[in-house]
Each structure stands twice: as C-alpha cells, then as structure tokens.
Amino acid sequence: PQAAAGGRGAASRAPGAHSVCRLLSRRAHGFYARDAGVSHRKNLGLLRKIMCQGNAKFKNVWTTHSTSPIAYERGRIYLDNYQCCISSIAQEPRILYQKPKCSKSEKIEDALLLECPLGEMLPSPSDYKSSLIVLTVQNWLLRLSADSGEILEKVYLAGSCCKFRYLSWDTPQEVMVVKSAQNKLPAAARQAGIQQSVLFYLAVFQVLPLSFIGMLEINKKIFGNSVTDVAVSNGILIVMYSMGLVRLYNFQAIVEQFMEQPFDLGHEFNWNGQVGVVGKYPFGLPCNIKITDTPPLLFEASSLENAFQIGGYPWHYIITPNKKKHKGVFHICSLKDNALAKNGIQDMKCCSLEPDWIYFHPDMSGRIIHVGPNLIKVLKLKEVKNNTDQMEIAEDFTIVANRENSMNNAVTVTASGRVVKKRFNLLDDDPEQETFKIVDYEDELDLLSTVAVTQIGTDGRAHLDFHCNEHGILLKSIPLRESWDVTYSHELYFDKDLVLHIEQKPNRRFSCYVYQMVCDTAKDDECSSHEKTERVFCKKGGRIFEYI
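Thresholds applied
- Residues numbered from 1 in each chain as written.
- Predicted model: local features only at pLDDT ≥ 70, side-chain atom pairs only at ≥ 80, totals over all residues.
- Heavy atoms only, no water.
- Helix = DSSP H or I, 4+ residues; strand = E, 2+ residues; numbered from the N terminus.
- Buried < 20%, exposed > 50% of the residue type's maximum accessible area, 1.4 Å probe, protein only.
- Contact = heavy atoms within 4.5 Å.
- Areas by Shrake-Rupley, 256 points an atom, 1.4 Å probe, with all protein chains shown as cover.
- Pairing = 2+ DSSP bridges.
- pLDDT = per-residue confidence, 0-100.
- Disulfide = S-S within 2.5 Å.
- Polar contact = N/O pair within 3.5 Å; in protein donor to acceptor, adjacent residues only side chain to side chain.
- Core = buried A, V, L, I, M, F, W, Y, C linked by side-chain atoms within 4.5 Å.
- Patch = residues over 30% accessible without salt bridge, like charges linked within 9 Å, V, L, I, M, F, W, Y side chains within 5 Å.
- Salt bridge = Lys/Arg side-chain N within 4 Å of Asp/Glu carboxyl O.
- Lys, Arg positive; Asp, Glu negative; His and termini not counted.
- Charge placed at Lys NZ, Arg CZ, Asp CG, Glu CD.
- Phe/Tyr/Trp six-rings, centres within 6.5 Å; stacked < 30°, edge-to-face > 60°.
- Lys NZ or Arg CZ within 6 Å of the ring centre and 35° of its normal.
- Arc of directions from axis to C-beta.
- Axes fitted to C-alpha atoms, helices over the stretch in contact; angles between N-to-C directions.

A. Region of the structure containing the overall build of the protein. When helices and strands are tallied, the protein shows six helices and 39 strands. Taking all 548 residues of the protein together, 45% fall into the buried category. Long-range pairs, those at least 24 residues apart, make up 46% of the contacts in the protein between residues at least 6 apart in sequence. Element-wise, carbon and sulfur atoms account for 51% of the exposed surface of the protein, whose accessible area totals about 29,600 Å².

B. The pairing of strand β21 (residues 316–319), seen in detail. Burial of β21 is two-sided: the residues His 316 and Ile 318 facing one way and the residues Tyr 317 and Ile 319 facing the other way are all buried. In terms of strand pairing, strand β20 (residues 308–311) meets β21 through four bridges, oriented antiparallel. By the bridge assignment for β21, Gln 309 is matched with Ile 318. What sits between the antiparallel neighbours β20 and β21 is a turn of four residues, in which Gly 312 has the positive phi angle 80 degrees. Note: β21 against strand β22 (residues 329–334), four bridges, orientation antiparallel. Paired with Tyr 317 across the bridge in β22 is Cys 333.

C. Seen up close, the confidence of the model for the protein. Mean pLDDT over the protein: 86, with 85% of residues reaching 70 or higher. In this model residues 1–15 is a low-confidence stretch, pLDDT under 50, and it forms 19 contacts with partners more than four residues away in sequence or in other chains. In this model residues 524–548 is a low-confidence stretch, pLDDT under 50, and it forms 55 contacts with partners more than four residues away in sequence or in other chains.

D. Structural detail: the state of the cysteines. Evaluation of the coordinates by the stated rule reveals zero disulfides. Here Cys 52 is not cross-linked by a disulfide; its sulfur's nearest cysteine counterpart is in Cys 468, at 9.3 Å.

E. Up close: the side chain of Asn 139. Within the element layout of this structure, Asn 139 appears in the loop between β7 (131–136) and β8 (140–145). Looking at Asn 139, its side chain comes within polar contact range of the main-chain oxygen of Cys 162, at 2.9 Å. Beyond its immediate sequence surroundings of up to four residues, Asn 139 is in contact with Val 155, Tyr 156, Leu 157, Ala 158, Gly 159, Cys 162, Lys 163 and Phe 164.

F. Summary view of the nonpolar core. Core analysis: the biggest nonpolar cluster contains 30 residues, and Leu 141, Leu 157, Phe 164, Met 176, Val 178, Phe 205 and Leu 285 have the highest contact counts within it. Among the elements of the structure, β6 (108–114), β7, β10 (164–171), β11 (175–180), β12 (198–206), β13 (211–219) and β17 (268–271) are those that each provide at least two residues to this core. At four residues, the largest contribution of residues to this core is made by β12. The next biggest cluster of nonpolar side chains, apart from the first, holds 24 residues, and it includes Ile 218, Val 230, Leu 245 and Phe 251.

G. Structural detail: a positive patch on the surface. A contiguous patch of positive charge on the surface is contributed by Lys 342, Lys 380, Lys 382 and Lys 385. Mapping Lys 342 onto the fold places it in strand β23 (residues 340–347). A relative accessible area of 39% places Lys 342 in the partly exposed class.

H. Here's a closer look at the packing of aromatic side chains. Enumeration over the complete set of coordinates arrives at 14 aromatic pairs. Arranged with centres 5.0 Å apart and planes meeting at 70 degrees, the rings of Tyr 156 and Tyr 281 form a pair that is edge-to-face. A residue pair is termed long-range when its members are at least 10 positions apart, and Tyr 156 in strand β9 (residues 151–156) and Tyr 281 in the loop between β18 (274–277) and β19 (297–302) qualify at 125 residues. Given a relative accessible area of 58%, Tyr 281 falls into the exposed group. Summarising the aromatic geometry, the rings of Phe 299 and Tyr 317 are spaced 5.0 Å apart at their centres and angled 65 degrees between planes, so their arrangement reads as edge-to-face. Of the two residues, Phe 299 sits in strand β19 while Tyr 317 sits in strand β21, which places them 18 residues apart along the sequence. Classification of Tyr 317 by relative accessible area gives buried; the value is 5%. Sitting over the face of the ring of Trp 140, Lys 154 holds its NZ or CZ atom 4.7 Å from the ring centroid. When the ring centre of Tyr 241 is taken as origin, the NZ or CZ atom of Arg 247, which lies over that ring, is 5.1 Å away.

I. Molecular detail of helix α6 (residues 251–258). Among all positions of α6, only Phe 251, Ile 254, Val 255 and Phe 258 are buried. Along α6, the residues classed as buried sweep out an arc of 100 degrees about the axis, all on the same side. Exposed side of α6, more than 90 degrees from the buried face: Glu 256 and Gln 257 are the residues found there. Residues of α6 that are buried make contact with β12, β13, β14 (227–233), β15 (236–241) and β16 (245–250). Two to three positions downstream of the cap, the backbone nitrogen of Gln 252 sits 3.1 Å from a side-chain oxygen, assigning the N-cap of α6 to Asn 250.

J. The sheet that holds β8, seen in detail. With respect to topology, four strands assemble into an open sheet ordered β6-β7-β8-β9, the strand pairing being antiparallel. Two strands close off the open sheet at either side, each with one partner strand: β6 and β9. Within this sheet the neighbouring strands show an average axis-to-axis angle of 20 degrees, counted without direction. Bridging between β6 and β7 involves six bridges; their strand directions are antiparallel. Looking at the pairing, Leu 113 lines up with Leu 132 of β7.

K. Seen up close, the pattern of salt bridges. The full count for this structure, using the stated rule, is 15 salt bridges. In this structure, Glu 109 and Lys 163 form a salt bridge, with 3.0 Å as the shortest nitrogen-oxygen distance. Of this pair, Glu 109 sits in strand β6 while Lys 163 sits in the loop between β9 and β10; the two residues are 54 residues apart in sequence, bridging distant segments of the chain. For Glu 109, a relative accessible area of 26% corresponds to the partly exposed category. The partly exposed category is assigned to Lys 163, whose relative accessible area is 22%. Among the charged side chains, a salt-bridge network with shared partners connects Asp 127, Arg 143 and Glu 153.

Below is the structure:
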C-alpha cells in the first residue's frame, strides 16, 4: 500500500517513479529488492557470468551405460523403464530410489514431470513436491513421487477397447492429454468386412489436483477417412490427414458443446448400462464427450508431412508447400489473412542427407530459428516501411560453422604445381566438415546452445557452444570428451550448470554422459584423485549394482 501510494518507501525503491500505475506495474514485474524474483534473477545472472568465464570448465563427472532407454527430467535421470531414479544435481550423481523390476504388464509407455504451481492452495501436502505422471501398458495412469517413486494417485483409463500410449500437455503444468494409439482392425477382420469408425481416443485431465475433464473419440464419420494423427495443444484440437492437410478446431468449444455429462474421479456412475466408479478398475473412464457433428473449423492449411507451426507477433504460421520438390522450402504467412510475409520464403538450398529445420524461438520473442548444416539464422518479424499491414522477415543474426579447413574446393594444386579438379562436391553435411546437429535454448540463463560435430578419421568430435541469445555472440565453447557418431541417435540437455548427453547405439545400447561446471583453480585436467568417475549399472536379480 505504501508503494502504491507513492510514499517514502516507494520513492526509495523506485527513484523517479511517482505514478501509482507505474509503481504497481513495476511491483508486478518484480523490480523491488525485497521481491523473491529479483534475487532469483540476480543469482541466475551471476551463474551465467561465472559460467562464461575462462576458468569455468565443464568436466565429465559421471557416465553410465544401460540396455534400456535413459530419460532425463529436471535434474533426474531415469533408468530401467523409470524403475531407477538418479539425482544429477549433487556433486556426484546418486540414486534417489530403486524399485523392484516390474513385469511386462507394468511397463511404462510415457511420462510427464509435474511441478507444483505457484501461489495456489492444494489439497494434499504431497502436491507441493514434484511428481511424475506415468502411463502403463495396461492403461493405468499413475502419479509417482519424483523423489521416492511412491504411488500417490492411480487412475484406470479403459479396458481392452483402446490402447492408451502417449502423454502430452494441452496447457503446460495445467491440462494434460492422454492419447491412444490409432485403432486398427486385424487383417482378418478387415477381410470379413468389419468396419472400424473410431480412430483415436483422447482423455483430458486437469492436474494438481488431478481431475477428469472428459474423454472423446476421433471418429472417421465426423472427421473423414484419411485422418493420420491428432493432438490437443493450447486449447486447439489439431487433426492431421494423409494428404498433408492440417485442420484446427476450438477444443474448449467442443467440450462445452458435446459433453453429455461431467464426471468426477472416484465417484460412482451409471453410464450406458454400466455401473462403476470413475477411474477405477474395471470400468475406467466414460467417453462423455460425443462429437455428433463436424465442429466449426478455425483454420486449415496444406503442408508437406503435416509440418505446421504457429507463433510470432502478430500471429504467423510456417508451412512447407505440399510437394516433395519443395522439401526444405519454408513459407512464413500471416495467420490473419494467409498473406505471405515479405521475404517469407526461406530456402537455404542445402545439398545434404539430413534436411534443415525451422521453428519459432522458444523464448517467446516471436523470432524464428532456421538451422542448416553449416548456418543458423535467427530471423525476426517487423513491419514493412510505409505499410503497417504487412510484415517482413529480417535477419537478426547468424551463427556460422567453423569450416576454415574445408575440403570442398573444386580445384586444388599439388606441391609439383599440377592442377587437380574434383569430379564431385562434398555434401553440405559431410561428416568431415563441422556440422550443426542440435540447437537448444536455456531459458533460465537466456543462452542459445549449439552442438557442432566434425568427423576426424573414425572418431567424431563434438563441442557445445553457448551464444548470447540477443545478439548471437559466442560466449563459451565446451568440448565433449566422448566420441560422437553421427549415425547414432543423440539427445543433449543443457540445464543451468549441468550438461547431459544421452546416446543410443545399435542393439538397444544406451549411454549417458554427465558434465558439471567446475572452476579450474588447479590443474584439474591432470590425472589425480579428482579424476572423473565412471559408473556402470548392471542388473542382477532385479537389483542394480554400481561398479566404479
């Protein structure tokens, strides 16, 4: 109140700010020293400065190998189908919990990390701690404690009529969508003339506290025969078709128009002759949203491989013209009137095995990131001069791969003076040339990270670079110790002072390399008692043993 009234305390905290509206706005944005957000931002700013100093190094402090997929979520490494959880925050990763080996019927299909919302009263003390929502092969939805693996809540989704397989966010940390695999009849049933009209099932939940919103089916009688996939994101139902068509519908309007009856988890119900408890075995959840007519269409576009993105300000979308010859060509158009932006056709004209890719910058700035084998372009939308109704695409900055020793010269001269002409040119993503493989954004430190790889003989060398997100200036380069084979599948996570690299090799062999920031005050690179620790996890009798 004193700040809002422009009293002496407000004047001391916000010099020159005498407007009540301005004081309230500054307080809402956390400009005052006593605000917790200010301290957090200052700490992250200090961490970024320390990280980019010359004596700050990233050392490979821990390595593990597994025969099952490895997952990472917010400082936690999951092994053995989420049965073993390892904290990567400590100086040396340690096991948080290890559960007995599960049967095939308890296998986890997908998982989402659930974090406590700020400033809300929750019904249970356990709700204030991070938890993991998992989907099992038998259609059970479980909420597990992220620190102990204890089951906090369990919901049975449905019987054998459908197979739920995927978890995703409609609104991050607020509304969750559980999607089934596409329903397909066996060949014998199709030959017998049996028709299957339901293609997908979607179950939608509000989280923390977990509550059931509704379940609906995607029926070919309503949406057409050529539906290949469906998703719900940011309140939009997205339906994709085999011919490259993408259609958008208002999901909230669908729920309001076609919901037959609301249901609460744990309550008894009588539905279509069935009596049971919502979310309990064997009844599961009722399909209480019945779409009986085609919903109003919000938008549709045709794009190669259904590639369609919305972002920017004002709203724009990115598509690739729906012909194979246009692969690698991106059109940036206004969502308002479908008008192509000035300079809105982006084409790097790459000659490479792997195509370039483009997406809206995740920092919510409205910019666009376009990544090619040797070039990263950060683009921005701006008004055309003398025409405020049209937007143009302008280059904000570029990041170029280091190809000083490029071998792609068409003509070379030998030591004796003989001119040699090459009969072929190298691809833009030839392994012997430095090539961008991963581009990511660390939102808490406001850094753009890139992974570039060069094949040196049989060994692939990679380095992780940190760039200023605003101007693209190179701030730090970190060499990765392990070899990087470009034919393998790779994931890389940059999480504040932690770098984690997950590699998938043939025959279901997985490796995880953890790097942590250290200050190089001594000769840390020498072999000493501080040498990196490599731990190999081996399963024996359902238990996991560590070998150093």
